[in-house]
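One-letter residues, chain by chain:
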Amino acid sequence: MKLPISKHNKIDTLSKFIGLILLAVSIDNVSKGNYYIALFFFGLGAIIGIIPIFIEVDTSA
């Protein structure tokens, strides 16, 4: 999928923000002793955080 650089930057910022929120939820679950739930949220945040790597930037403009 190709996107203009402005939309790519928005998706990149949003994915990093969501990844940080999921990291905070993961840390909260570790402190409560829910290790499997914490691992799930940590993995989900990592997957969401790397999504912009697979999106191509359209530089033809």
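Details of the structure are given in the entry above.
A quick note: this is a predicted structure, and the numbers were derived from the prediction, not measured. (Residues numbered from 1 in each chain as written. Predicted model: local features only at pLDDT ≥ 70, side-chain atom pairs only at ≥ 80, totals over all residues. Heavy atoms only, no water.)

Draft legend 1. Main features of the pattern of salt bridges. Counting across every chain of the model gives two salt bridges. Between Asp-28 and Lys-32 there is a salt bridge whose closest N-O contact spans 3.3 Å. Residue Asp-28 and its partner Lys-32 are both found in helix H1 (residues 5-32); the two are separated by four residues, about one turn of the helix. On the basis of relative accessibility, which here comes to 57%, the residue Lys-32 falls in the exposed class. (Salt bridge = Lys/Arg side-chain N within 4 Å of Asp/Glu carboxyl O. Helix = DSSP H or I, 4+ residues; strand = E, 2+ residues; numbered from the N terminus. Buried < 20%, exposed > 50% of the residue type's maximum accessible area, 1.4 Å probe, protein only.)

Draft legend 2. The packing of H1 against helix H2 (residues 35-49), seen in detail. Remark: H1 packs on H2, axes separated minimally by 8 Å, with the N-to-C direction vectors making an angle of 170°. Between H1 and H2, the angle is such that the two are roughly antiparallel. From H1, Ser-15, Ile-18, Gly-19, Leu-22, Leu-23, Val-25, Ser-26, Asn-29 and Val-30 reach across to H2, where they touch Tyr-35, Ile-37, Ala-38, Phe-41, Phe-42, Leu-44, Gly-45, Ile-48 and Gly-49. Classifying every residue of the contact of H1 with H2 by side-chain character gives 12 nonpolar, six polar and no charged. (Axes fitted to C-alpha atoms, helices over the stretch in contact; angles between N-to-C directions. Parallel < 35°, antiparallel > 145°, perpendicular 65-115°, else oblique. Contact = heavy atoms within 4.5 Å. Nonpolar A, V, L, I, M, F, W, Y, C, P; charged D, E, K, R; others polar.)

That is the geometry; function is a separate question.
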